[in-house]
Amino acid sequence: MKQILFLILIANTLGAFAQKQKKTLKDKPNVICIYVDDLGYGDLSCYGATNIKTPNLDKLAAGGIRFTNGHSTSATCTPSRFAFMTGQYPWRTKGVAILPGDAALIVPTDKVTLPKLFKQAGYQTAIVGKWHLGLGDQVEKNWNGEVKPGPNEVGFDYSFIFPATADRVPTVFLENHKVVALDPNDPIKVDYYKQIGNDPTGKDHPELLKMQSSPGQGHNQTIVNGIGRIGYMSGGKLARWVDEELSSTFLDNAKAFIEGNQKKPFFLYFALTEPHVPRMPATQFRGKSGLGLRGDAILQMDWTVGEVMKQLKALNLDDNTVIVFTSDNGPVLNDGYLDEAEAKYKDHPPMGKLRGGKYSAFEGGTRVPFIVSWPTMIKPKVSSALVSQVDLMATFASIIKQPIPKEATDSEDLTKAFLGQSDQGRSVYITQGGSLSIVKDGWKYITPSNGQAFNKEVQIETGNAPTPQLYNLNEDIGEKNNLAEKYPERTKELAELLEKMKQSK
Ligand code: NG6
Ligand code: CA
């Protein structure tokens, strides 16, 4: 009898333990946001690309939710990343635009950010990859000491970043506050206005370049690793990165963070640089896509995601880790360098069926690949819910049981949509190409603008027009038929709503 009672007691204890274990797992999933740079809606095979294979992302999508109406807030990088960090539309804050590599930090240090939200809930937090939200208190700064405030001051326990874009100086990594591999006898100086030091520039020495810059677009200042950059830099010879190793360097650091924190809940913002220019992937990917270096960079990106997935499985973390995969803005082919991307356009239109691309108010600017995977909680599906990166703040607050930060005024709790339990996403959304657009019930209104309609340098339709534009996205995803004159009432209603939303909050 005693033995039976003892067995029952053990069984109950084990049951309760398993129950508790399951609950904590669901309450505090690990979260990895893989945020890539300039990847278009039509760039992945799971989004319909036919001439490139992205097997790892296809697998991630097949096991999670693949959104067909997922958005960044903006058609360029810094604003989208600002929204991701703050839960607020970036155009509400002055000065949030593509930043030079020496810009000061623009994310407030005294407000709740996405990583701070996770910290509040007891997570270890890290960013590995592209930053592009500024560093330090001012433009003039000493790159050779502690460079701060930066990611560590806005919520990341650990940071391993490059400051701005792959085509901007300084072309170095920073780990927490310090430039990696800096030789104190060879200090770094950076200037965006005048040449400093004796380094050759792409403008004066095109013969030294392994990849030519596009005429008229700049990218011909200091040469680093055979590539002309935006901005001037001197010193830091040992610290300068090798473009071909960018991705593997980020991957190693991301994996080290995951491994080191496998016993705690963690939040990793893994900000990959592919397929932003200059596209110079590792040799193992070169020539593999048949689509030039841009395609090869996409293969490298896909492979990197696969390596993270493999590691999670090996550490037995895969079931209870949420992976969000998305891009900061739409695609561009010729963004400053003469690689083969443009010539391969017909084989591989990176925006799929959408109109426009990076820099554009058309859907190609902000409608991007958006995948959410969480094996314990998600039943795989394709979702048409309208979701945005600005919603990650409120949604994760709800998932990890934290209050939605009051500063995150534009962020909506879309947990049900993100977990695939509902196809209802946002009802209203504002996107930022050159000008602002508003989307409601499948109708999109683009504010009139006198800006150029076609950006010749990058060969992208900007969406600018001097008169109002109205599109029915449910029937006309390619934004071919402007219905503003046909439906003046609807046009007016959306224009007024946009104005009202701009004034509020
Ligand atoms: C633009 C650059 C472009 C790219 C972009 C930033 C020129 C003419 N073009 O100003 O090459 O670096 O900034 O891209 O300088 S983003 O994805 O980070 O927004
Ligand atoms: Ca970008």
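Residues numbered from 1 in each chain as written. Chains lettered and ligands numbered in written order. Predicted model: local features only at pLDDT ≥ 70, side-chain atom pairs only at ≥ 80, totals over all residues. Heavy atoms only, no water.

With that out of the way, let us pick up the domain arrangement of the protein chain. The assigned domain composition of the protein chain is domain 1 (28–179 + 238–425) and domain 2 (434–503). For domain 1 versus domain 2, the distance between C-alpha centres works out to 27 Å. On the domain 2 side, the residues contacting the 20 residues of domain 1 number 23 residues. Summed over both partners, the interface of domain 1 with domain 2 buries about 1700 Å², with 56% contributed by carbon and sulfur atoms. If you sort the residues of domain 1 by the area they bury against domain 2, R355, A361 and F362 come out on top, with a joint share of 34%. The interface formed by domain 1 and domain 2 includes 2 salt bridges. Between E363 and K444 there is a salt bridge, with its nearest N and O atoms 2.9 Å apart. Across the contact surface, domain 1 and domain 2 share 10 residue pairs in polar contact (both at pLDDT 80 or more). (Domains from an automatic or database assignment. Contact = heavy atoms within 4.5 Å. Buried area = accessible area lost by both parts, 1.4 Å probe. Salt bridge = Lys/Arg side-chain N within 4 Å of Asp/Glu carboxyl O. Polar contact = N/O pair within 3.5 Å; in protein donor to acceptor, adjacent residues only side chain to side chain.)

Enumeration over the complete set of coordinates arrives at 30 salt bridges. One salt bridge connects R279 with D339, and the closest N-O pair in it is separated by 3.0 Å. Pair noted here: R279 is in the loop between β12 (266–271) and α6 (292–314) and D339 is in the loop between β13 (321–327) and α7 (363–366), with a separation of 60 residues, a long-range link. Taken as a pair, R279 and D339 share a single burial class, namely buried. When the shortest N-O distance is used, the salt bridge between K440 and D441 registers 3.6 Å. Residue classification places K440 among the partly exposed positions, given a relative accessible area of 23%. Taking relative accessible area as the criterion, D441 reaches 53% and is therefore assigned exposed. Each of D37, R81, K130 and D328 takes part in salt bridges that share partners, so that together they form one network. (Helix = DSSP H or I, 4+ residues; strand = E, 2+ residues; numbered from the N terminus. Buried < 20%, exposed > 50% of the residue type's maximum accessible area, 1.4 Å probe, protein only.)

This paragraph deals with the confidence of the model for the protein chain. Counting all residues, the mean pLDDT for the protein chain is 95, and 95% of those residues have values of 70 or more. Scored below 50 in pLDDT, residues 16–25 shows 1 contact in the model against residues more than four places distant or in partner chains. (pLDDT = per-residue confidence, 0-100.)

Further remarks concern the sheet that holds strand β14 (residues 370–373). Pairing is mixed in the open sheet, where 10 strands are placed in the order β7-β6-β5-β4-β12-β1-β13-β14-β2-β15. What marks the edges here is a single partner per strand, and that holds for β7 (178–179) and β15 (381–383). As judged from the 7 bridges shared by strand β1 (residues 30–36) and β13, these two strands associate in the parallel manner. Looking across to β13, one finds that V36 is bridged to S327. (Pairing = 2+ DSSP bridges.)

Looking at the calcium ion (ligand 2), one finds its protein donor set to be D37 (OD), D38 (OD), D328 (OD), D328 (OD) and N329 (OD1), positioned 2.2 to 2.7 Å from the metal centre. For the calcium ion (ligand 2), the 6 donor atoms are set out with angles of 52 to 171° between them, so the coordination reads as irregular. Counting along the primary sequence, the residues that act as donors to the calcium ion (ligand 2) give the motif D-D-x289-D-N. Pair noted here: D38 is in the loop between β1 and α2 (55–62) and N329 is in the loop between β13 and α7, with a separation of 291 residues, a long-range link. (Donors = N, O, S within 2.8 Å, 3.2 Å for Na, K, Ca; no water. Tetrahedral: all angles 85-135°; square planar, octahedral: opposite > 155°, others 65-115°.)

Closest axis-to-axis distance for the α2/α6 pair is 7 Å, and the angle between their directions is 55°. When the axes of α2 and α6 are compared, the pair comes out oblique. Residues P55, N56, L57, K59 and L60 of α2 form the contact with α6, whose participating residues are M301, D302, W303, V305, G306 and M309. Grouping the amino acids of the contact of α2 with α6 by side-chain chemistry returns 7 nonpolar, 2 polar and 2 charged. (Axes fitted to C-alpha atoms, helices over the stretch in contact; angles between N-to-C directions. Parallel < 35°, antiparallel > 145°, perpendicular 65-115°, else oblique. Nonpolar A, V, L, I, M, F, W, Y, C, P; charged D, E, K, R; others polar.)

Looking at ligand 1, there are 19 residues lining it, with D167, R168, H219, D335 and K358 nearest. Separating an oxygen atom of ligand 1 from a side-chain N or O atom of H132 is a distance of 3.4 Å. Here the residues of the shell around ligand 1 are counted per class, giving 4 nonpolar, 7 polar and 8 charged. (Near = heavy atom within 4 Å.)

So, on to the sheet that holds strand β18 (residues 436–440). Reading across from one edge, β17-β18-β19-β22 is the order of the 4 strands in this open sheet, with antiparallel pairing throughout. This sheet does not close on itself; its edge strands, each paired only once, are β17 (428–432) and β22 (469–472). Across this sheet, the average inter-strand angle for adjacent strands is 20°, counted without regard to direction. Summarising the sheet, strand β19 (residues 443–446) and β22 pair through 4 bridges and their orientation is antiparallel. Counted as the bridge partner of I446 is Q469 from β22. Docked against the sheet, helix α10 (residues 488–503) engages β17, β18, β19 and β22, running at close to 115° with respect to β18.

The next point concerns the packing of helix α5 (residues 246–260) against α6. The axes of two packed helices give the description: the angle between them and the distance between them. For the pair α5 and α6, interaxial distance at closest approach is 11 Å and the crossing angle is 15°. Regarding the angle of α5 to α6, the classification is roughly parallel. In this structure, α5 meets α6 at a crossing whose hand is right-handed. The residues of α6 that touch α5, namely those facing S247, L251, K255, I258 and E259, are Q300, W303, T304, E307, V308, Q311 and L312. For the contact of α5 with α6, the class distribution of residues is 5 nonpolar, 4 polar and 3 charged. (Left-handed = near helix turned anticlockwise from the far one by under 90°.)

Okay, the nonpolar core next. In terms of nonpolar packing, the biggest core is built from 104 residues, with W131, L268, F270 and F325 touching the most fellow members. Examining the composition of this core, we find that 7 residues originate from one element, α6, more than from any other. Contact partners of W131, with chain neighbours within four places excluded, come to R81, M85, L105, G150, P151, V154, F156, I161, F162, P163 and A164. Counting 25 residues, the second largest nonpolar core, distinct from the first, contains W91, V428, L473 and A484. (Core = buried A, V, L, I, M, F, W, Y, C linked by side-chain atoms within 4.5 Å.)

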